[in-house]
Amino acid sequence: MEKLIERISGKRCLSDQRIWQAVTETAIAISQTLADEVRQILQASEDRAVTVAPKIDIYASKQPEILLFEDGIQVKRQKSDRVSPARDSEELTTDVQPPQRKRVNTDVVILRTADGKFEYLTAPIQEDGSPLLPLETVIKAKVTQEYGTGTVDVPLNIVSIVDGARSIRRRLEAVFGPEVTVILDWYHLCKKVRSFMGTLAQDKEHKRLYLREVLPRLWCGQVAQVLEYLETQVQARSPDALEELLTYLRKHQTEIIDYRRRQQAGKTIGSGRMEKGVDLVVGHRQKKKGMSWSQAGSHALALLKTEELNSRWERLWFDESNAA
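The sections below set out a description of the structure shown in this document. The structure displayed is predicted, hence computed values, not measured ones.

Analysis parameters
- Residues numbered from 1 in each chain as written.
- Predicted model: local features only at pLDDT ≥ 70, side-chain atom pairs only at ≥ 80, totals over all residues.
- Heavy atoms only, no water.
- Helix = DSSP H or I, 4+ residues; strand = E, 2+ residues; numbered from the N terminus.
- Buried < 20%, exposed > 50% of the residue type's maximum accessible area, 1.4 Å probe, protein only.
- Contact = heavy atoms within 4.5 Å.
- Polar contact = N/O pair within 3.5 Å; in protein donor to acceptor, adjacent residues only side chain to side chain.
- Pairing = 2+ DSSP bridges.
- Axes fitted to C-alpha atoms, helices over the stretch in contact; angles between N-to-C directions.
- Patch = residues over 30% accessible without salt bridge, like charges linked within 9 Å, V, L, I, M, F, W, Y side chains within 5 Å.
- Areas by Shrake-Rupley, 256 points an atom, 1.4 Å probe, with all protein chains shown as cover.
- Salt bridge = Lys/Arg side-chain N within 4 Å of Asp/Glu carboxyl O.
- Lys, Arg positive; Asp, Glu negative; His and termini not counted.
- Charge placed at Lys NZ, Arg CZ, Asp CG, Glu CD.
- Core = buried A, V, L, I, M, F, W, Y, C linked by side-chain atoms within 4.5 Å.

Looking at the environment of Gln 126
Checked against the element boundaries, Gln 126 lands in the loop between β3 (118-121) and α4 (135-147). What makes Gln 126 partly exposed here is its relative accessible area of 37%. Sequence separation between Gln 126 and Glu 2 is 124 residues, and the spatial gap between their C-alpha atoms is 26 Å. Contact partners of Gln 126, with chain neighbours within four places excluded, come to Ile 28, Pro 131 and Leu 132. One polar contact links the side chain of Gln 126 to the main-chain carbonyl oxygen of Pro 131, over a distance of 3.2 Å.

And the structure:
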């Protein structure tokens, strides 16, 4: 609204600082509300563990699934102490700056809800941008709210399609246990294999040859055949790269499925929705040229964006105006 008034009248009603204050204050208010809702849901369910099906027929077209996607996205971190160019160079060299991460990471989850829609989830934050509650607690509460906690007789058919990040798997296991069904996203699998092949192959022709042999087999879930081919038929320029690829495929062997068969069943094989999701929540606004962000600022904007994507934007500001 402030931008609209400025465009029409040519005058600014709010300073950048005031807009920023409104963003952070609203994000903190959202976080507190979200944290309260999560606690109420878990308290009502007596914080029971979510019971998931250990074996799901992921190729059955009529088998209902609770789809869950997760990915992280990073933006450039703002320097904690911005130094003016006018400062003396000698003074700059004597300053001792504590080490800090160069990126701000935001984890985003998309859950298909009971009505067939998709809801975006991020962790609520404190004033410094650190989590008010762990994201896994938010996931558990939302799944419980939508589907209950499941039982031994009627467990929840959770299917998570993710990339190869270890942190994501740890979070899934923390919420659902080690038996949760995880599918390695086809796009990330191809990207990883192509990257390794570019390093280990002697030249472009060998790279094309190896990929023609490997990717069709992976598409059909034939990991054992791929491992045998790599071990016996590939002459690697970089033995270390070949060993890394073998280790990667062995580590994710249980998550590499028959993608062709699942696609023929009309089921999701990739996390394209998730790739678009992290761009909508963070990337589109925060990854423009020259931008850098504090942890609090990046996470505050991400929270507001999830409210908009979840169709709660109007309700948020309407409630705020009533409260005022």
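Focus: the sheet that holds β3
Spatial strand order, β3-β2-β1-β4-β5: 5 strands in an open sheet with mixed pairing. Only two strands of the sheet have a single neighbouring strand rather than two, namely β3 and β5 (181-184). The mean angle between the axes of side-by-side strands here comes to 25°, regardless of whether they run parallel or antiparallel. In this sheet, strand β4 (residues 158-162) lies alongside strand β1 (residues 66-76) in parallel orientation, the contact comprising 4 bridges.

Thoughts on a positive patch on the surface
There is a patch of like positive charges on the surface, built from Lys 76, Lys 79, Arg 103 and Lys 287. With respect to the helices, strands and loops of the structure, Lys 76 is situated in strand β1.

Structural notes on the nonpolar core
One finds Leu 189, Leu 218, Leu 230 and Leu 249 to be the most contacted residues of the largest nonpolar core, which totals 58 residues. At 7 residues, the largest contribution of residues to this core is made by helix α6 (residues 186-200). When neighbours within four sequence positions are excluded, Leu 249 is seen to be in contact with Leu 189, Leu 218, Val 223, Val 226, Leu 227, Leu 230 and Ile 256. In this structure, Ile 41, Val 109, Val 138 and Ile 158 belong to the second largest nonpolar core, which totals 27 residues.

Section: the pairing of strand β2 (residues 103-112)
Pairing of β1 with β2 involves 9 bridges; the strand directions are antiparallel. Among the inter-strand pairings, Asp 71 is bridged to a residue of β2, identified as Val 108. As judged from the 4 bridges shared by β2 and β3, these two strands associate in the antiparallel manner. Looking at the pairing, Val 109 lines up with Leu 121 of β3.

Considerations on the side chain of Lys 140
Along the chain, Lys 140 falls in helix α4. For Lys 140, a relative accessible area of 15% puts it in the buried group. A polar side-chain atom of Lys 140 sits 3.3 Å from the main-chain carbonyl oxygen of Arg 48. Filtering out sequence-adjacent residues up to four positions away, Lys 140 remains in contact with Leu 42, Asp 47, Arg 48, Ala 49, Val 50 and Val 175.

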